[in-house]
Amino acid sequence: MRLSRIRIERLKQFREPIEIQDLQPGLNLFTGANEAGKSTVVTAIRAAFFERYRSGSVEDLRPWGDSSASPTVELEFAIAGTHHTLMKSFLGKKRCELQAGTQRFDGADAEDHLASLLGFQHAAKGASKAEHWGIPGLLWIAQGTAHDIKDSVAHATDHLRTALKDSLGEVASSSGDQVLAAIEGSRNELLTATTGVPRGPYGEAIKLQAQLEQEIERLDAHIAAYRQNVDTLAALRQEQATDEAQKPWESLREQERAAVTALQEIEHIELTLDAQRQRLKQVEERIVLFREQLEAFARQDQEVARRIGALETAQAEHSGAQTLVGSWQSNHEQATRHAETARGQLRLARQEDTRRNHARELEVLQSQAASFADTLANAESERAALLELQALAAASAVAHEDIDTLRRQDQQLRELRIQQQAAATRLHFALDDGCHMQIAGESINGAGERLLVQSTTIILPDFGKLEISPGGADLAQLKQQEIELSDRHTALLQRLGLPSLEAAEQRHQTHARQQSDIKAANATLKTLAPRGIEALRAELAVKRVRIDEIRQALQQLPPSPDGVAAQPTVAQAEAAEDDARQALAGVNESLGSAQIAASKAHNALQAAMRELENAQALINAPDRVQRLASANASLTDARAEQAALNERIATLSAQVAEARPDILKQDVERFGGSAKQYEKSFNDRRERLMQLDAALQSAGAQGLEERRAELMRDHLQAERRIVELKRRALALDYLLNLLREKRRALTRRLQAPLQKHLNRYLQLLFPQARLEIDENLSPGPLTRGNGHGTESGAFETLSFGAREQMGVISRLAYADLLREAGRPTLIILDDALVHSDDTRLTQMKRVLFDAATRHQILLFTCHPGRWRDLGVAARPLETFKTLAA
C-alpha cells in the first residue's frame, strides 16, 4: 500500500485545509514543533479507516469551539497497482466515498471493503478501539506506544492468520480451531481449565458420592447407637430390680435419724453452757461495778480537800483582776477623747479635698464636652456627605455580569459580521455615465462594491431585474444569529437604560470611582467616630450629666471654715487619725483582756465555791455509810458466785468436747446425702428406662437397616458414574494436549518465516543476537552477547528504550511477512524511538532505511536534528499549511 496524497479539513487544530502531496514510496519524514499537528495527521488517517462515518462518538475530531464543523479526510493510495481515492466526512455532513480503480463504493460498503482489504474491523457501537484495528493497529505506531506490542499482536492474530493462509497453507489455517475449541469446551465441562480439578457433572458426581458416604456413616452411627442402647436397657433393668428389692436408702435413713438424736442432745448441753457463760459475764460486770462504787467513795474524800485549795487560789486571782481593770478604764477614757478629736480633723480635711477634686474634674469635663461637641458636628457632616455618595453610587451601579454579557455579545456580533462578510456574495459594479440601477431599493450609479448577505433584488432599467441569493445555508444562519444576538444586546441595554456598550463602560468606571470615594469617606467617618455617631453622641451626653452631678455635689458641700490654709492635709489627718485609732484600739484590747480576765476570775471563784459545796454535800449525805457497807457486801457475794459458775462451765465444756458435735453434723449430712443419692439414682434410672424403651421402639420403626441398603445401592451407582466420567475426562484431556502439541508444531512452522525477517533487522541492531517468538507470535526472550558470554532476558525486563526498539523491529518483520503474502502494508511512526540514545538511534536508522526499500514509511518527529542522516529530506508540516492557505 502506498499513500500519495492526504487532505485534512476542519479536523481538530486544522480548521483550514491542509494537503500533503507527493508522498514517496519509501521513507517520508515529517517534522514540526509540539502541537504543530503531527499526531493530528495520524489521527486523521486512523479516523478515515477505523471510524464509521455515521458515528456520533467522534466529537473529539471537531476543532475546539466549532460545534458546526464537519471534519473531512481525503486519501489517495494504491494497493496492488490499483489506485484508490477515499473521502470521508463526519458529524455535520456525514459522507463516505471510495473509488477503487473502476469500482465505486459508498457508505458502509466502502468501509467494509477497506476493512476486508487491510485486515481490521469496525466497532459494532461507539468509537473504534484498539481491539478492532487489526493489522493497521499493529503497523501504525501511535505516540508513546512503540514499546507495547503484545496487545497489538493479540488484536491482529486472526487477521494475520487470514492474510497468511494462502502462502503458509495449513500452518496459519484456523479450520482446526473449531475442533480444538469443541474438545477444549467438552474437557473444561469436566475439569477446570488451569488446575484440572473435577467440575461440572464430574465434580457433582464426586460430591454426590461424598454425600452418600457421609449419610451411610451417619446411619451406621445410628445403628451402632441402637444396638448399644439395647444392651444398656438390659443392664439398667437388672440394676433397677436389685435396688427395688434391697432398698439400701432405708438403712441410711435410720442411721441419719440416730445421728440427728445424738446431735440434738449435745446441742441442749451447748445451750446450757451458753446460758452459764452469759450469767458469768453478768456477774463479772457486777463485780466491776461494785469496785467502781468503792473507788468513787474514796475519790469523794480526796475531792473535798482539793476543792478547798482551789477556792483559796480563785479568791486571790479575782482580787488582782479587779485592780487591773480599774487602771485600764482610766487610760481608755483619755484615748477615746484623743481619737474623737483626730476624726473631726480628718472629716474636715476630706471635705476640702473633695471640693478641690470636684473643681478640677469639672474643668476637665467641660473641656472634653466641648471637644466631643466639635467632633460630633464634623462626624454628622461626613455622614451626610457619605449618604449622598452612596445614593449616587446606587444610581450608577451596573452589575459585573451585565457588563461581561454586553462585552461578550458585542464581540460575538463583530465576529458574526466578519463571518458574514467573509461568506457574503461580493457584487462589483462599474456603470457607464448616465446609467444606474437599484439594489434593494437603493439607486446606484458609478463604480463600487456591495456585500450581499441575503436575497437581494437588483433592478436594471430597460433590462429587467436580477434576484441574487447568496449560496449556502450557513450565511442565512449567521444572519439569523446576528439578528437574535442583536435583539438580546438591545434588550439588555434597554433594561439598563443605556444607549451603548461605551455608555455602560463609562457608567461602570464612574461607579468604581464613586465606590473609591465612599471607601475614603467611610475611613474618615471611622476616624472621627470609631464606634459610630450614636456612641459619640452618647459619650457627650454622659459627660454633660457628669458635669451636672459635680456641680450639685459642690453646692451640697458645707462652707469652708476659717483658717482652711492652716488645716492639715488629708494624708496628715489620716495619719493622725490612724495613730489615735490604733492607740485607742490598743487600750480597748488591754481593757477587754483585763475585763475578760476579771470575769473569768469571778466565774472561777463562783465555780470553786459551788464545787466545794457539792463535794461536802456528798460526804455529809446521811446514807453514805450504809451504801459503803452494802457495796462491800455485794462485792463479796459476787466473787463467790463467779467461782461456782467457772466450775459448772468447765464441766459442761468437757462434755461438749467429748461428744464432738461437728462430727455428729457430718454424720447427719453424710447419711442423708447417701440416702438421697440412692433414691435419686433409682428415680433417674427409672426415667432413663422409659426414655430408652421409647427411643428403641421409635428406631425400630424407622427401618435403619433397609435405609442403609438403599444408600449402599446409590453409592455403588455413584462410583460407577465417577469411573465413567473420569475415563471421559482423562480421554478428553489427553486428546486436547495432543491437539495442542500439534498446533504448537504448526505454530513453530509459522514462526519460522517471521523469525527469519526478525533476525534480519535484529542483526543490524545487535549482531549475533536472537529474539524468540512465542506461540502467540509476540516477542519473547532476547539472547545476546555481553562481552563475557551470552545473556538472556524476557522482553518485559528490557529497558523502556530497548523495548521501544524491539517493538519497531518486530512490526517491520510482520510487515515483511505480510508483503510476502501479497497483503498491503503501510508503516506509520508517530514520534517513535524518542528514548533511544545516539548509538542505538544510528542503528535504528539503518533498520528503517532497509525496511523502506520494501515498505512505505511515514515518520513524524519533533526532533528534526536527530534524523538529518536518515537519507531523505525533512518536510515541515507548516509548509503544507501555507501552501493550502
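Our structure's up above, just so we're on the same page.
J.: Can you help me understand the overall build of the protein chain in this one?
T.: When helices and strands are counted, the protein chain shows 18 helices and 20 strands. At 64 Å, the protein chain has a C-alpha radius of gyration far larger than the 29 Å of a compact globule built from 885 residues. The dimensions of the protein chain, computed from C-alpha atoms along their principal axes, are 170 × 135 × 70 Å. The burial tally for the protein chain puts 35% of its 885 residues in the buried class. For the protein chain, the share of sequence-separated contacts (at least 6 apart) that also reach a separation of at least 24 residues comes to 71%. Accessible surface for the protein chain amounts to roughly 51,200 Å². Of this, 51% is attributable to carbon and sulfur atoms. The positive charge centre, built from 111 side chains, and the negative charge centre, built from 124, are 5 Å apart in the protein chain.

J.: I tried to follow the pairing of strand 7 (residues 103–106) on my own but got confused; where do I start?
T.: Strand residues, when the strand is regular, have side chains that alternate between the two faces of the sheet. Bridge count between strand 6 (residues 95–100) and strand 7: four bridges; the pairing is antiparallel. Pairing of L98 across the sheet is with F105, part of strand 7. In this structure, the hairpin formed by strand 6 and strand 7 is closed by a connection of two residues, where G101 is found at a positive phi of approximately 65°.

J.: Can you walk me through the sheet that holds strand 13 (residues 456–460) in this structure?
T.: Sheet strands pair via backbone hydrogen bonds, and the direction of the pair is either parallel or antiparallel. A sheet is described by the order of its strands in space; here four strands give the open sequence 11-10-13-14, paired in antiparallel fashion. Two strands bound the open sheet, and with one partner strand each, they are strand 11 (442–445) and strand 14 (464–468). Going from strand to strand, the sheet's axes swing by 25° on average, the running direction of each strand aside.

J.: Help me understand the nonpolar core in this model?
T.: Generally speaking, soluble globular proteins have nonpolar side chains that are buried together. With 90 residues, the main nonpolar core has I45, F49, L75, F77 and M806 as its most contacted residues. The biggest single contributor to this core is helix 16 (residues 800–820), with ten residues. Other than its neighbours up to four places away in sequence, F77 contacts M1, R2, L3, S4, F49, T82, H83, H84, L86, L98 and L114.

J.: Teacher, can you tell me more about the side chain of T825 here?
T.: Among the secondary structure elements, T825 is positioned in the loop between helix 16 and strand 18 (827–830). Polar contacts involving the side chain of T825 include one to the side chain of H855, which spans 3.0 Å. Residues contacting T825, with those up to four places away along its chain left out, are M1, L139, A815, L818, R819 and H855.

J.: Help me understand the pattern of salt bridges in this model?
T.: What the rule picks out here adds up to 27 salt bridges. E19 is the salt-bridge partner of R5, the closest N and O atoms lying 3.5 Å from each other. Residue R5 is found in strand 1 (residues 2–9), and its partner E19 is found in strand 2 (residues 18–21); the two are separated by 14 residues along the sequence. By relative accessible area, which is 13% here, R5 ends up buried. Here R257 ties to E254 by a salt bridge, and the two come within 2.2 Å at their closest N and O atoms. In this pair, R257 and E254 both sit in helix 7 (residues 248–395), three residues apart, roughly one turn of the helix. A relative accessible area of 45% means that R257 is categorised as partly exposed. For E254, a relative accessible area of 49% puts it in the partly exposed group. Overlapping salt bridges bring together R5, R7, E9, R10, E19, E74 and E76 as one network.

J.: So what exactly am I meant to see when it comes to a nonpolar patch on the surface here?
T.: A cluster of nonpolar residues, Y734, L735 and L738, forms a patch on the protein surface that exposes about 310 Å² of accessible area. Mapped onto the secondary structure, L735 falls in helix 15 (residues 704–765).

J.: Would you mind showing me how to read the environment of A802 here?
T.: Relative to the assigned elements, A802 resides in helix 16. According to the relative accessible area criterion, A802 is buried, its value standing at 7%. Residues A802 and H113 lie 689 residues apart in sequence; the distance between their C-alpha atoms is 37 Å.

J.: Quick question: what am I supposed to make of the environment of A397 here?
T.: Mapping A397 onto the fold places it in the loop between helix 7 and helix 8 (400–423). Expressed as a C-alpha distance, the spacing of A397 and A156, which sit 241 residues apart in the sequence, is 68 Å.

J.: Explain the pairing of strand 14 here, please?
T.: In this structure, strand 13 lies alongside strand 14, joined through five bridges in antiparallel fashion. Residue pairing in the sheet places I459 in a bridge with K465 of strand 14. The antiparallel hairpin formed by strand 13 and strand 14 contains three residues in its connecting segment, where D462 sits at a positive phi of about 70°.

J.: Got a minute to help me understand the packing of helix 16 against helix 17 (residues 838–851) in this structure?
T.: Helix-helix packing is described using two parameters, namely the angle between the two axes and the distance between the axes. Helix 17 packs onto helix 16 with a crossing angle of 10° between their chain directions and a minimal axis gap of 11 Å. In this view, helix 16 runs roughly parallel relative to helix 17, as classed from their interaxial angle. The residues of helix 17 that touch helix 16, namely those facing A802, Q805, V808, I809 and L812, are R840, M844, V847, L848 and A851. Tallied by class, residues from the contact of helix 16 with helix 17 come to eight nonpolar, one polar and one charged.

J.: Looking at this model, I keep getting lost on helix 13 (residues 624–659). Mind explaining?
T.: The α-helix winds at 3.6 residues per turn, so residues separated by three or four positions along the chain end up facing the same way. With 36 residues, helix 13 extends 53 Å between its outermost C-alpha atoms, agreeing within 8% with the 52 Å of an ideal straight helix rising 1.5 Å per residue. Listed as buried for helix 13 are R624, A631, S634, L635, A638, L645, I649, L652 and V656. Note on helix 13: the residue one or two positions beyond its end, R660, has a positive phi of about 50°.

J.: Would you mind going over the sheet that holds strand 2 with me for this structure?
T.: An order of 2-1-4-5-6-7 is seen for the six strands of this open sheet, with the pairing classed as antiparallel. In the strand order of this sheet, the two ends are held by strand 2 and strand 7, each with one partner. For this sheet the average axis-to-axis angle between neighbouring strands, irrespective of direction, equals 10°. The sheet contact formed by strand 1 and strand 2 spans four bridges and is antiparallel.

J.: How should I be thinking about the side chain of R62 in this particular structure?
T.: The topology assignment puts R62 in the loop between helix 1 (38–50) and strand 4 (72–79). Since its relative accessible area comes to 15%, R62 is described here as buried. Polar contacts involving the side chain of R62 include one to the side chain of E59, which spans 2.7 Å. A polar atom in the side chain of R62 sits 3.3 Å from the backbone oxygen of S67. When near neighbours in sequence (up to four residues on either side) are disregarded, R62 contacts K12, S67, S68, A69, P71, L91 and G92.

J.: What exactly am I supposed to notice about unusual backbone geometry here?
T.: Most of the time, phi is negative for any residue but glycine, and the peptide bond is trans. Even without being glycine, D22 reaches a positive phi, approximately 55°. Tracing the sequence through the fold places D22 in the loop between strand 2 and strand 3 (27–31). Judged by its relative accessible area of 56%, D22 falls in the exposed class. The phi dihedral of A80 is positive, around 55°, even though this residue is not glycine. Residue position: A80 is located in the loop between strand 4 and strand 5 (82–89).

About the cut-offs
Residues numbered from 1 in each chain as written. Predicted model: local features only at pLDDT ≥ 70, side-chain atom pairs only at ≥ 80, totals over all residues. Heavy atoms only, no water. Helix = DSSP H or I, 4+ residues; strand = E, 2+ residues; numbered from the N terminus. Rg over C-alpha atoms; globule rule 2.2 N^0.38 Å. Buried < 20%, exposed > 50% of the residue type's maximum accessible area, 1.4 Å probe, protein only. Contact = heavy atoms within 4.5 Å. Areas by Shrake-Rupley, 256 points an atom, 1.4 Å probe, with all protein chains shown as cover. Lys, Arg positive; Asp, Glu negative; His and termini not counted. Charge placed at Lys NZ, Arg CZ, Asp CG, Glu CD. Pairing = 2+ DSSP bridges. Axes fitted to C-alpha atoms, helices over the stretch in contact; angles between N-to-C directions. Core = buried A, V, L, I, M, F, W, Y, C linked by side-chain atoms within 4.5 Å. Polar contact = N/O pair within 3.5 Å; in protein donor to acceptor, adjacent residues only side chain to side chain. Salt bridge = Lys/Arg side-chain N within 4 Å of Asp/Glu carboxyl O. Patch = residues over 30% accessible without salt bridge, like charges linked within 9 Å, V, L, I, M, F, W, Y side chains within 5 Å. Parallel < 35°, antiparallel > 145°, perpendicular 65-115°, else oblique. Nonpolar A, V, L, I, M, F, W, Y, C, P; charged D, E, K, R; others polar. Expected span 1.5 Å × (residues − 1).

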